[in-house]
Amino acid sequence: MPENTLVVKGLRRTFGTVRAVDDVSFTLPEGGSLGIVGESGSGKTTTARIVVGLEQADEGEVLVRGRSRAERERGAGRGRARRLARAREIQMVFQDPYLSLDPRTSVEAVLRETLRLHFPERDPKKRIRQLLDQVGLGTRAADALPRRLSGGQRQRVAIARALAVEPAVLVLDEAVAALDVSVQAQILNLLADIREETSVGYLFITHDLGVVRCVTDEIVVMRHGAVVEAGPTAEVLAAPQHPYTRLLLDSVPRPGWDPEVISATRRARLPAVTGSGTGREREDQGPQNRPGVESRVQ
């Protein structure tokens, strides 16, 4: 059995009276692929942001290769060196790569700057060629600016930049949601190939059960900040045990699908929890209404 690259223990995060993340725990083995699924407001993106380090947990711990992320932050050495070391542990690929790429900077310059920061002693030319080949772009795209690239090509650049630091874990937050279906398939196939070639672990954050079915080994289902079901992807999707997981599967459009029936089923199966301070009364009270946290309607 491969060792766990990522261990998440008892994460909690509260915004005001809302428990955005409520006692979330999971593990990701070396070279594994884990999907976190749920609707908008379920807490999946906030969980990912805590794992990456973009949000601070109120409680809980994140360990990479057996070492606490918080311990590394407090460790010896200059602040910049510590931040770079943490970045080499976990990288994130966002839904819209255009927003995370400098529109004035070419693909080669993006990769060169990343390599200069993390591996200043290395000659970047060979590694840039390797990265471009690895994501299926080739050197023909090296001089291109982001606006000259398609959505799929920009996402490939974002993946190449993340892989440049040789991370242990790659977090993909709705990384194919904004792409055409055919381009989604290309990116997912690319990620599968990279996973075979390297030991990088994937943490997929998505509402798309089709993506989860194709590219993950394990699945975590979240609702209102808490994990309601977890297990091997094939088993959970074939025989879900929790009513919310069954509702997610029933909500996938297909011939004969009736959204009014789904809404009625939701009200029958998942009655609202009353009371204050739990963060579970209404989905529109979750952290997605906080700027910068999970604003996409799913």
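If you're wondering where the values come from, they're calculated on a predicted model, not measured in any experiment.

## Digging into the sheet that holds strand E2 (residues 18-29)
For step 1, the next point in the chain: In spatial order, the strands read E2-E1-E4-E5; together these four strands make up an open sheet with antiparallel pairing. If you trace the sheet from one side to the other, it starts and ends with E2 and strand E5 (67-68), each paired once.

## Thoughts on empty space enclosed by the protein
Take a probe with the size of a water molecule and roll it over the atoms, and the empty space left behind shows itself.
For step 1, the next point in the chain: Counted under the stated rule, the structure contains two cavities of 30 Å³ or more.
For step 2, the next point in the chain: In this structure, the largest cavity spans a volume of roughly 60 Å³.
For step 3, the next point in the chain: The element best represented in the lining of the largest cavity is strand E8 (residues 201-206), accounting for three residues.
For step 4, the next point in the chain: The class makeup of the residues in the lining of the largest cavity is six nonpolar, two polar and two charged.

## Overview of the layout of surface pockets
For step 1, the next point in the chain: Approximately 580 Å³ is the volume attributed to the largest pocket.
For step 2, the next point in the chain: Looking at the largest pocket, it is lined by 27 residues, and the ones nearest its centre are Ala-87, Ile-90, Gln-91, Met-92 and His-118.
For step 3, the next point in the chain: Taken together, the elements giving at least two residues each to the lining of the largest pocket come down to helix H3 (79-89), strand E6 (90-93), helix H4 (97-100), helix H5 (107-118) and helix H7 (151-164).
For step 4, the next point in the chain: Top contributing element to the lining of the largest pocket by residue count: H5, with six residues.
For step 5, the next point in the chain: A class-by-class count of the residues in the lining of the largest pocket yields 14 nonpolar, seven polar and six charged.

Criteria and cut-off values
Counting starts from 1 at the beginning of each chain's written sequence and moves along it residue by residue. Local features in a predicted model are, by the rule used here, given only for residues with pLDDT of at least 70; side-chain atom pairs are given and counted only at 80 or more, and totals for whole chains, interfaces and linings are based on all residues. Side-chain descriptors were evaluated using all non-hydrogen atoms of the structure, hydrogens and water having been removed beforehand. Pairing between two strands requires that DSSP report at least two bridges joining them. Each helix is a run of H or I in the DSSP string that is no shorter than four residues. Each strand is a run of E no shorter than two, and both are numbered from the N terminus. Lining residues are defined by having an atom within 4 Å of a point belonging to a cavity or pocket. Those points lie on a 1 Å grid over the protein atoms alone, cavities being sets where a 1.4 Å probe fits but cannot get out and pockets being open sets with protein on both sides within 12 Å along at least five of seven lines. Grid points are joined across faces, edges and corners, and a volume is the space filled by probe spheres set on the points. Each residue gets one label: Ala, Val, Leu, Ile, Met, Phe, Trp, Tyr, Cys and Pro are nonpolar, Asp, Glu, Lys and Arg are charged, and the others, such as Gly, are polar.

Any functional reading would require information beyond the geometric quantities listed.
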